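The chain contents come next:
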There are 2 protein chains.
Amino acid sequence: MRGVRKVAVLGSTGSIGQQALDVIRTYPRRLQVIGLAAGENLGLLKEQIAEFSPEMFYCSARLDFSYDGQVSSMESIASHPEVDVVIIATSGKVGLSPLLAAIRAGKAIALANKEALVTAGDIVMAEAKRYRAQILPIDSEHSAIWQCLRGEKSKPRRLFLTASGGPFYHYAQSQLSQVTVEQALRHPTWRMGKKVTIDSATLLNKGLEAIEAHWLFGISFDNMDILIHPQSIIHSMVEFQDGSIKAQLSPPDMRLPIEYALSYPERLHNSKSPRLDLTKIRSLTFEPVDQDRFPCLRLALHAGRLGGTYPAVLCAADEIAVELFLQERLPFTGIAGIIEKVLEQHHNVLRPSLEEILAADGWAREMALRVARKEAVR
Amino acid sequence: MRGVRKVAVLGSTGSIGQQALDVIRTYPRRLQVIGLAAGENLGLLKEQIAEFSPEMFYCSARLDFSYDGQVSSMESIASHPEVDVVIIATSGKVGLSPLLAAIRAGKAIALANKEALVTAGDIVMAEAKRYRAQILPIDSEHSAIWQCLRGEKSKPRRLFLTASGGPFYHYAQSQLSQVTVEQALRHPTWRMGKKVTIDSATLLNKGLEAIEAHWLFGISFDNMDILIHPQSIIHSMVEFQDGSIKAQLSPPDMRLPIEYALSYPERLHNSKSPRLDLTKIRSLTFEPVDQDRFPCLRLALHAGRLGGTYPAVLCAADEIAVELFLQERLPFTGIAGIIEKVLEQHHNVLRPSLEEILAADGWAREMALRVARKEAVR
């Protein structure tokens, strides 16, 4: 890594965006913010602009301050000639269009947005190949797999995605139905945004990660195992053709995979990174995952295997259902029910275009609301 | 890996040698035995010759059978032009000379012999660099580190050597002094030769491995941690500059690191390799090592840090002490005492020549026997 790498952070006021800026702040001689993009959090965006003086920024809300360099779209930042790396840390489907713009500009892309790969993995990977854009995963699980695959020539035999299990992994079915929003937002090991914290508690998130891994690493769902590993120290593992397994370990801190993606293929010297002391942790434990008590995971893997527009429908229905749960209009265990009913009603489109994916997304949102109304949501 | 790789197995009737032949047997289209060398076990050598029809073989004992291709030294096999890979699986200092012959012939060398690197690591690594000979570790710990370093560009920050702790790790001092030969030869996780099984029980073996790792990977003793990990599933770990750690895992079976060294940089497709199921193992545990109850480890690390001829003295004194223990002439806890007294008497030679190393070895053996006699060995 020579000189300074110029980084655009799309979704800079979200949880991943803030942690990305924290990483950039640590290495002022290696990383520099060139662009920022945010949604509604004007106060924080203003602070970030003041601190990092980006050449350009985008905001979807109306500004209450003025600063030079405002641009009219995230795409124009993602494809700007001076940008070396684009961090896509927006959540939801708004990440897809700037991701494609960055790909078509041949950028290195540090990808935190889940929905883009889950709903349009086929298109994203084909375009990345065509434009030789590097997609560098930021999620701890995919970063772990990517690190384990480093330098290996042969295709892996199996991936093990680890999951903390979230706060309710040992709850009985009857307890799960009583889970409150406040409880669900308290994740035992990871600091994350609200939506992904709920998706972690239902384990739907792990299913989305399996779909992402399928696209990123070209591995079939039959060759992926999900392991409950409550300590969140082993972030995932790869089994090779000869039976040897590599694992990546670190204290649960998103800044490490972010830093790895931003500095790749180098590893930056980080004396402040928390040191893992396994003699203090003493035990790393593993359990099989129970898809009966966590039906969201089963549904996500099912949608992933079916492919086509099913993953888009899964994401859209989940977004509505999680929103209803956060509004306390749906019990925790009602999330899976909504997703399941919407998936059941869907007519799949195989190898869909972007338009067909967006159409499926729209259909699924409407259907999810309709199902929720029928179920006499509070 | 194109075509068939021709392998010479030096020490073919020992534990590692037999397991190496087992690996070669599994891949007849990729690996072929071209040379064998053994010591006293004529019966087994005869069987191996009958099965593998090597072009050449060496035996230090007088033959009771006749077969073409007998050569007069291990060195002539190690440096033979047709040999692609030399497995050095002889134990003790007899491995050093054929190792140097293989190095000077620029061979790929799968190294299982500990003493060569421990006693003459400086010379071995300098010669390997000079003759561009690849040294491929076969020990599970060093293979794990080597696998974790694969594809990484920057020097690691720390190595974690794991140790099962042997059969007596939770014994009190008073119990340790009562340990019988039979108990000491029963290792909980690994199948190995007698000498290394006793060295595992005293933890001296882990100290030798630290010295080997120091030479193989250029890591100082300050940047090596030893972790007791009774399940022997994580075979070692590497911490990088950014704080990320990689580990290599597999069921404890020496055939995997042997196969990895013989097929490197490929990984062979092994459908028969035992599959690791962490949901059955459930828990991987880690404890700090107690150098007070296992003084052999402390002595070995001390000798490693001092360098020069100290490691040769350590190995020689240990060989005598273990032999006395196996003959039931010394208690288990007496092994460390002999080593410590011999080390205390030694005058170090820094950057020793091979002759000086061999002289130190001879001196240490004599001194060890003298110390043992004084201690009124049974």
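Residues numbered from 1 in each chain as written. Chains lettered and ligands numbered in written order. Predicted model: local features only at pLDDT ≥ 70, side-chain atom pairs only at ≥ 80, totals over all residues. Heavy atoms only, no water.

Residue and element names in this part refer to chain B. Closest axis-to-axis distance for the helix α15 (residues 334-345)/helix α16 (residues 354-374) pair is 9 Å, and the angle between their directions is 125°. As far as their axial angle goes, α16 and α15 are oblique. Crossing hand, α15 versus α16: right-handed. Only W363, A364, M367, A368, V371 and A372 of α16 make contact with α15, whose side of the interface consists of I338, K341, V342 and Q345. The class makeup of the residues in the contact of α15 with α16 is 8 nonpolar, 1 polar and 1 charged. (Axes fitted to C-alpha atoms, helices over the stretch in contact; angles between N-to-C directions. Helix = DSSP H or I, 4+ residues; strand = E, 2+ residues; numbered from the N terminus. Parallel < 35°, antiparallel > 145°, perpendicular 65-115°, else oblique. Left-handed = near helix turned anticlockwise from the far one by under 90°. Contact = heavy atoms within 4.5 Å. Nonpolar A, V, L, I, M, F, W, Y, C, P; charged D, E, K, R; others polar.)

Attention now goes to the interface of chain A and chain B. Contacts between chain A and chain B engage 45 residues on the former and 45 residues on the latter. Carbon and sulfur atoms supply 50% of the area buried between chain A and chain B, which totals about 4,000 Å² over both sides. Interface area lost by chain A to chain B is led by D242, R267 and F286 of chain A, which between them contribute 17%. Two residues, D242 of chain B and R267 of chain A, come together in a salt bridge whose shortest N-O distance is 2.9 Å. Linking chain A to chain B there are 27 residue pairs in polar contact (both at pLDDT 80 or more). Elements represented by at least two residues in the side of chain A that touches chain B include exactly α6 (140-149), β7 (158-163), β9 (234-239), β10 (245-249), α11 (255-263), α12 (278-281), β11 (283-285) and β12 (287-288) of chain A. A per-element tally of the side of chain A that touches chain B places β10 of chain A first, with 5 residues. (Buried area = accessible area lost by both parts, 1.4 Å probe. Salt bridge = Lys/Arg side-chain N within 4 Å of Asp/Glu carboxyl O. Polar contact = N/O pair within 3.5 Å; in protein donor to acceptor, adjacent residues only side chain to side chain.)

Residue and element names in this part refer to chain A. Here the domain parsing of chain A yields domain 1 (5-137) and domain 2 (307-378). Placing a centre on the C-alpha atoms of domain 1 and another on those of domain 2 gives a separation of 27 Å. With 10 residues of domain 1 in contact, the opposing surface of domain 2 contributes 12 residues. Counting the surface lost from both domain 1 and domain 2, the interface buries some 840 Å², and carbon and sulfur atoms represent 69% of this. When the buried area of domain 1 at its contact with domain 2 is split by residue, K93, T119 and I123 rank highest and sum to 52% of it. The interface formed by domain 1 and domain 2 includes 2 salt bridges. (Domains from an automatic or database assignment.)

To continue, consider the pairing of strand β5 (residues 108-111) of chain A. All names here are of chain A. Residue alternation in β5 divides its side chains into two sets, A108 and A110 and I109 and L111, and both sets are buried. Bridge analysis of strand β4 (residues 85-88) against β5 gives 4 bridges, and the strand direction is parallel. Across the sheet, V86 pairs through a bridge with I109, a residue of β5. As for the winding sense of the linkage, the β-α-β connection from β4 through helix α4 (residues 96-104) to β5 is right-handed. With 4 bridges joining them, β5 and strand β6 (residues 134-137) adopt parallel strand pairing. Across the sheet, the residue bridging to I109 is I135, located in β6. (Buried < 20%, exposed > 50% of the residue type's maximum accessible area, 1.4 Å probe, protein only. Pairing = 2+ DSSP bridges. Right-handed = clockwise from strand over helix to strand, strands pointing away.)

In this structure, L262 and I335 of chain A are the most contacted members of the largest nonpolar core, which totals 129 residues. Examining the composition of this core, we find that 12 residues originate from one element, helix α14 (residues 310-326) of chain A, more than from any other. Looking at which domains feed residues into this core, each of domain 1 (5-137) and domain 2 (307-378) of chain A supplies at least three. Beyond its immediate chain neighbours, meaning those up to four positions away, I335 of chain A contacts I198, T202, C296, D318, A321, V322, F325 and L330 of chain A. Counting 128 residues, the second largest nonpolar core, distinct from the first, contains L45, I49, L149 and L203 of chain B. (Core = buried A, V, L, I, M, F, W, Y, C linked by side-chain atoms within 4.5 Å.)

Residue and element names in this part refer to chain A. Going from Y264 to P265, the amide bond is cis rather than trans, its omega being 5°. Along the polypeptide, P265 turns up in the loop between α11 and α12. Residue R132 is not a glycine yet carries a positive backbone phi of 50°. In this fold, R132 is placed in the loop between α5 (114-130) and β6. A relative accessible area of 75% places R132 in the exposed class. The phi torsion at R282 lies on the positive side, around 65°, for a residue other than glycine.

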